[in-house]
Amino acid sequence: MTVIGTNTSATRAGNASRLANMQLQTAMERLSTGKRINSAKDDAAGLAISSSMSAQIRGMNQAVRNANDGISLAQTAEGALNEVTSMLQRMKELATQSSNGTLRDSDRTALQAEMTQLTAEIASVSKTTTFNGVNLLDGSVTGVKLQTGINAGESINMSMVKATSGALGLQAEKVGLAVNAALAAGDLTINGQDVGAVATVDALAVANAINGFTGTTRVTAKAENWVTADVSNIPATGTFTITPGTGTAVAVTLTSAENNVDALAAKINQVSGTNGNIAASVENGRLKIVSKNGSNITMSGTTSFLTNAKDITDAAVTPVTAAVEGRLTLTAEAGASLNIAGTAAADAGLGTGQMSFSAVSIANQTGAVASLAVIDAAIEKVSAGRGDLGAVQNRLQSTVNNLTNNATNLTDARSRIEDTDYSAETAQLAKAQILSQASTAMLAQANQSQQGVLKLLG
């Protein structure tokens with residue numbers, strides 16, 4: 001049938017040209033971007049899979065950086081402990097020398113001078129060894145949790161050793177119980193010095209009173225306070241308020257989003273902020289709330305989800321409005337003794353009756369002989385801590401190797417899904433170009449073909 005109203009050949013040629021141009025555009029897009037999937041229409045399922053893979057790869061790469069940071073932290077701590085070991089070995093040498101009966105007391109005085117300086121330097125190392133602002137050896141951090149995987153729970157706990165001169169037995173130190181009552185004048189004396197009245201039942205207030213006489217007593221006090229609790233059945237609504245003795249209260253509005261201990265700890269830290277006095281963490285599956293300066297901790301509001309709560313001294317506490325008091329750690333300067341007395345020293349959590357704690361002294365033969373065992377114990381403790389840090393470094397290195405291998409293989413798998421196969425696409429480009437040219441030529445022919453109808457009309 002000869003018609004001029006409908007040019008079927010031109011329609012078909014135009015459609016073929018359109019399809020060829022679409023194939024040409026797709027091939028050029030893939031060759032120019034290097035991606036087979038540039039939008040969801042290219043491969044919806046492939047896009048979903050490759051996006052998930054990309055998230056996993058980026059998470060693994062960050063976990064590798066986390067593990068490497070952990071290795072650096074462990075190396076920092078272990079390097080400091082290596083120097084502490086060297087000083088302890090020198091102290092052992094000095095104590096052994098002073099134990100010899102051929103020396104005079106004046107000779108031992110000279111040896112004691114070096115011993116005092118070494119003790120002070122160990123104390124300094126424990127205070128100044130930090131990583132990214134975190135003190136590693138002063139006991140403020142008992143462990144570091146490293147996120148070494150892309151899912152919750154994929155973490156490694158790194159234990160830190162407390163390497164203060166007091167903790168190593170080289171310096172007079174006393175760790176108390178919880179402060180439990182206000183102090184009157186005469187209740188507490190440190191090395192014969194009355195610290196005076198302290199009206200507030202707060203470890204920080206007592207520590208400040210003691211530190212006010214450090215120049216006289218050669219003793220410093222540090223307040224510590226935290227509470228831990230199991231977390232179960234967090235309610236979908238309610239307000240959980242933590243009020244420190246010093247600082248701004250932290251009020252957390254509970255929602256279903258915080259229905260696990262990790263999320264709750266993160267929410268508390270978010271509300272408190274980096275400058276707040278309250279910090280939260282997860283320790284052995286329990287929520288740990290710390291008062292950074294050691295002042296009181298009061299929890300109120302919706303607290304029924306906190307169970308088995310314990311304070312810093314491991315005494316059971318009820319998470320209600322009653323304040324949780326902190327404890328004191330008293331440390332004498334190198335070579336100084338620590339004598340605690342007073343009519344009610346127990347109110348400060350420091351026990352009852354006269355207590356005396358002596359520093360390591362080799363100023364006489366008897367003290368030098370006694371110090372040998374103390375120094376040996378200190379060396380053993382430091383060596384154990386170094387061993388733990390060395391072991392965790394090896395573990396972290398294996399973690400890095402495994403994560404790197406996993407990320408490499410996953411990247412390879414993602415590439416096969418989303419990246420352009422240049423061999424195939426260049427062939428597709430050539431095909432599309434030929435089809436486009438051919439369809440355009442046929443369209444021109446189809447547009448001219450119906451002119452033959454004029455011959456029938458002539």
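Values in this document were obtained by computation on a predicted structure and should not be read as measured data.

Cut-offs applied
Residues numbered from 1 in each chain as written. Predicted model: local features only at pLDDT ≥ 70, side-chain atom pairs only at ≥ 80, totals over all residues. Heavy atoms only, no water. Helix = DSSP H or I, 4+ residues; strand = E, 2+ residues; numbered from the N terminus. Buried < 20%, exposed > 50% of the residue type's maximum accessible area, 1.4 Å probe, protein only. Polar contact = N/O pair within 3.5 Å; in protein donor to acceptor, adjacent residues only side chain to side chain. Contact = heavy atoms within 4.5 Å. Salt bridge = Lys/Arg side-chain N within 4 Å of Asp/Glu carboxyl O. Phe/Tyr/Trp six-rings, centres within 6.5 Å; stacked < 30°, edge-to-face > 60°. Core = buried A, V, L, I, M, F, W, Y, C linked by side-chain atoms within 4.5 Å. UniProt positions renumbered as here; feature names shortened; annotations may be inferred. Pairing = 2+ DSSP bridges. Domains from an automatic or database assignment. Buried area = accessible area lost by both parts, 1.4 Å probe.

Asks: Sorry if this is basic, but what is going on with the side chain of S291 here?
Replies: Note on placement: S291 falls in strand β12 (residues 286–291). Take S291: its relative accessible area is 2%, and that puts it in the buried class. Within polar-contact distance, the side chain of S291 engages the backbone oxygen of S295 at 3.0 Å. The contacts of S291, once residues within four sequence positions are left out, are N225, N277, I278, N296 and I297.

Asks: Just checking my understanding: could you explain the pattern of salt bridges for this structure?
Replies: Pairs can form between side chains of opposite charge whenever their charged atoms are close. In the structure shown here, the tally under the stated rule is 15 salt bridges. For D43, the salt bridge identified is with R36, shortest N-O distance 2.8 Å. On the basis of relative accessible area, D43 is assigned to the partly exposed category, the value being 22%. Between K92 and D376 there is a salt bridge; the shortest N-O distance is 3.0 Å. Within this pair, whereas K92 is found in helix α2 (residues 44–98), its partner D376 is found in helix α7 (residues 365–418), the two being separated by 284 residues in sequence. Overlapping salt bridges, with partners in common, bring together K35, R414 and E418 in one network.

Asks: I tried to follow the packing of aromatic side chains on my own but got confused; where do I start?
Replies: A complete count under the given rule lists 1 aromatic pair for this structure. Ring centres 5.4 Å apart and planes at 85 degrees place the aromatic pair F240 and F305 in the edge-to-face group. Here the residue F240 occupies a position in strand β9 (residues 239–244), and F305 occupies one in the loop between β13 (297–301) and β14 (306–311), the gap between them amounting to 65 residues. F305 carries the same exposure label as F240, and that label is buried.

Asks: When you look at the environment of R414 in this model, what are you seeing that I'm missing?
Replies: Looking at the element boundaries, R414 is found in helix α7. Each C-alpha atom, one on R414 and one on T329, is 56 Å from the other, the two residues being 85 residues apart in sequence. The residues contacting R414, other than those within four sequence positions of it, are S50, M53, S54, I57 and D419.

Asks: Sorry if this is basic, but what is going on with the side chain of Q393 here?
Replies: Within the secondary structure layout, Q393 lies in helix α7. In this structure Q393 touches I71, A74, Q75 and E78, once residues within four positions along its chain are discounted.

Asks: Where do I start with the nonpolar core in this structure?
Replies: Considering soluble globular proteins, one finds that nonpolar side chains tend to be buried as a cluster. Judged by nonpolar contacts, the single largest core of 53 residues is most densely connected at L88, M158, M160 and L170. Elements represented by at least two residues in this core include exactly α2, α3 (105–128), β3 (143–147), β4 (155–159) and α7. In terms of residues, this core owes the most to one element, α2, which gives 18 residues. In contact with M158, not counting residues within four places along its chain, are G70, L73, A74, T142, G143, V144, L146, L389, V392 and L396. In this structure, A209, I210, A223 and L338 belong to the second largest nonpolar core, which totals 26 residues.

Asks: Is there a simple way to think about the UniProt feature "domain: Flagellin C-terminal" (unreviewed entry) in the protein in this case?
Replies: UniProt's entry tags residues 373–457 with the feature "domain: Flagellin C-terminal" (unreviewed entry), counted in the numbering of this structure. Secondary structure across residues 373–457 comprises 93% helix and 0% strand; the distance between its end C-alpha atoms is 126 Å.

Asks: Would you mind showing me how to read the pairing of strand β15 (residues 327–332) here?
Replies: Consecutive side chains of a regular strand alternate in pointing toward one face of the sheet and then the other. Burial within β15 is extensive, with 6 of its 6 residues counted as buried. Where burial is concerned, the two faces of β15 agree: the one with R327, T329 and T331 and the one with L328, L330 and A332 are both buried. By the bridge criterion, 6 bridges tie strand β8 (residues 219–231) to β15 in an arrangement that is antiparallel. Among the inter-strand pairings, E224 is bridged to a residue of β15, identified as R327.

Asks: In this structure, what is going on with the domain arrangement of the protein? I would like to understand it.
Replies: By a widely used convention, the size of an interface equals the accessible area lost when the partners come together. Domain boundaries assigned for the protein yield domain 1 (35–169 + 360–419) and domain 2 (171–359). The C-alpha centroid of domain 2 is placed 26 Å from the C-alpha centroid of domain 1. Contact with domain 1, which involves 16 residues of that partner, is made by 9 residues of domain 2. Between domain 1 and domain 2, a total of about 890 Å² is buried, with carbon and sulfur atoms accounting for 39% of that surface. The three residues of domain 1 that bury the most area against domain 2 are K145, G166 and V360, which together make up 36% of that side's buried surface.

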